[in-house]
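Here's the letter readout for the chains.
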Amino acid sequence: MQKLLNGCETVSTYGAVIATFVMMLLTTADAGGRYIFNRPITGAYEITQNYLMVAAIFLAMSYGYRKGANIRVTFLADRLPQKVKLIVNYFVQLVSMLYGAVLVIATFQQFLRATATGTALSSLDFPLGPAYLIVPVGLFFMSLLMLIDIRKVRTGKSPLFKEESPTA
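Predicted model only: the values in this text are computed from it and were never measured.

Engineer: So what exactly am I meant to see when it comes to the overall build of the protein chain here?
Structural biologist: Within the protein chain, the secondary structure is distributed over five helices and zero strands. In sequence order, the protein chain lays out its α and β elements as α-α-α-α-α. By the compact-globule yardstick of 15 Å for 168 residues, the protein chain is too spread out, its C-alpha radius of gyration being 20 Å. Overall, the protein chain is about 65 × 45 × 30 Å in size when its C-alpha atoms are taken along their principal axes.

Engineer: Mind showing me how you'd approach the packing of helix α1 (residues 2-35) against helix α5 (residues 129-148) here?
Structural biologist: Pairs of packed helices are described in terms of their axes, by the angle between the two and the distance that separates them. The N-to-C vectors of α1 and α5 enclose an angle of 145°; their axes lie 11 Å apart at closest approach. Where α1 crosses over α5, the two elements pack in a sense that is left-handed. Along the contact surface, α1 presents Q2, L5, C8 and E9, while α5 presents F141, L144, L145 and I148. Within the contact of α1 with α5, the residues separate by chemical class into six nonpolar, one polar and one charged.

Engineer: Please clarify how helix α4 (residues 82-117) should be interpreted in this entry.
Structural biologist: Taking 1.5 Å of rise per residue, 36 residues should cover 52 Å, and α4 covers 52 Å from first to last C-alpha, within 8% of that figure. Buried within α4 are the following residues: N89, Q93, M97, G100, V104, T107, F111 and A114. Where α4 is buried, its residues touch α3 (61-66) and α5. Just beyond α4, the residue with positive phi is G118, at close to 70°.

Engineer: How should I be thinking about unusual backbone geometry in this particular structure?
Structural biologist: Glycine aside, residues mostly have negative phi, and peptide bonds are mostly found in the trans state. Unlike most non-glycine residues, N38 shows phi in positive territory, near 60°. Within the fold, N38 resides in the loop between α1 and α2 (44-58). Using a relative accessible area of 66% as the deciding quantity, one classes N38 as exposed.

Engineer: Would you mind going over the pattern of salt bridges with me for this structure?
Structural biologist: A side chain with one charge can pair with a side chain of the opposite charge if their charged atoms come near. Counted according to the given criterion, the structure contains three salt bridges. For E9, the salt bridge identified is with R66, shortest N-O distance 3.2 Å. You can see E9 sitting in helix α1 and its partner R66 sitting in helix α3, a full 57 residues away along the chain. A residue is classified by how much of its surface remains accessible, and E9, at 8% relative accessible area, is buried. Owing to a relative accessible area of 18%, R66 belongs among the buried residues under this scheme.

Engineer: Can you walk me through a nonpolar patch on the surface in this structure?
Structural biologist: A cluster of nonpolar side chains, namely Y14, V17, I18, F21, V22, M24 and L25, defines an oily patch on the protein surface of about 700 Å² accessible area. Along the chain, the position of F21 falls in helix α1.

Engineer: So what exactly am I meant to see when it comes to the environment of F37 here?
Structural biologist: Tracing the backbone shows F37 in the loop between α1 and α2. Between the C-alpha atoms of F37 and G7, which are 30 residues apart in sequence, the distance is 43 Å.

Engineer: Before we go on, may I ask you to explain the packing of α2 against α5 in this structure?
Structural biologist: Here α2 crosses α5 at 5°, and the two axes come no closer than 9 Å. On the basis of the axis angle, α2 is roughly parallel to α5. In contact with N50, Y51, V54, A55 and F58 of α2, α5 contributes P130, A131, I134, V135, G138 and L139. A class-by-class count of the residues in the contact of α2 with α5 yields nine nonpolar, two polar and no charged.

Engineer: Whenever I open this one, α1 confuses me. Can you help?
Structural biologist: The periodicity of an α-helix, 3.6 residues per turn, causes residues three or four places apart in sequence to face the same way. The first and last C-alpha atoms of α1 sit 49 Å apart over 34 residues, in line with the 50 Å expected at 1.5 Å per residue. Residues of α1 that are buried include every one of L5, E9, S12, T13, A16, A19, M23, L26, D30 and G33, and no others. Residues of α1 that are buried in the fold lie against α2, α3 and α5.

Reading the values: the criteria
- Residues numbered from 1 in each chain as written.
- Predicted model: local features only at pLDDT ≥ 70, side-chain atom pairs only at ≥ 80, totals over all residues.
- Heavy atoms only, no water.
- Helix = DSSP H or I, 4+ residues; strand = E, 2+ residues; numbered from the N terminus.
- Rg over C-alpha atoms; globule rule 2.2 N^0.38 Å.
- Axes fitted to C-alpha atoms, helices over the stretch in contact; angles between N-to-C directions.
- Left-handed = near helix turned anticlockwise from the far one by under 90°.
- Contact = heavy atoms within 4.5 Å.
- Nonpolar A, V, L, I, M, F, W, Y, C, P; charged D, E, K, R; others polar.
- Expected span 1.5 Å × (residues − 1).
- Buried < 20%, exposed > 50% of the residue type's maximum accessible area, 1.4 Å probe, protein only.
- Salt bridge = Lys/Arg side-chain N within 4 Å of Asp/Glu carboxyl O.
- Patch = residues over 30% accessible without salt bridge, like charges linked within 9 Å, V, L, I, M, F, W, Y side chains within 5 Å.
- Areas by Shrake-Rupley, 256 points an atom, 1.4 Å probe, with all protein chains shown as cover.
- Parallel < 35°, antiparallel > 145°, perpendicular 65-115°, else oblique.

The structure is reproduced here in structure tokens:
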């Protein structure tokens with residue numbers, strides 16, 4: 001199971017990297033076409049905003065979780081006794097996981113609504129349904145990683161509680 005999840009995370013991370021690269025190329029080509037030839041690329045902004053940016057963010061969420069990139073405010077938790085801190089950490093992991101699961105359900109419902117109504121980009125006749133599907137997929141992988149990592153909370157090895165390394 002872990003091997004399959006790692007493979008899915010790798011594929012989604014590379015998808016985010018490719019989306020970022022294509023977004024850079026498309027934006028550069030659109031700006032060049034607009035300022036040099038006075039002919040922008042039709043729909044470049046919509047494709048960048050509705051597809052590529054969404055893919056770059058949500059496909060990389062599991063990678064961000066794995067690397068401990070979540071923002072935390074720890075001024076209170078750092079001052080708690082170890083047993084209480086462990087309970088708080090379990091609670092935080094559980095709430096984060098449940099919130100991720102709720103977001104997966106809500107964003108999947110949004111995908112179904114967008115697909116049913118046939119929502120399309122404004123300047124192109126291109127459906128928005130696939131873009132709406134990227135969000136729950138990315139959130140699903142992150143929530144699944146949180147579920148698997150809940151056993152690591154006791155040892156403090158969960159990526160949700162990674163300590164930042166001091167910079168020199």
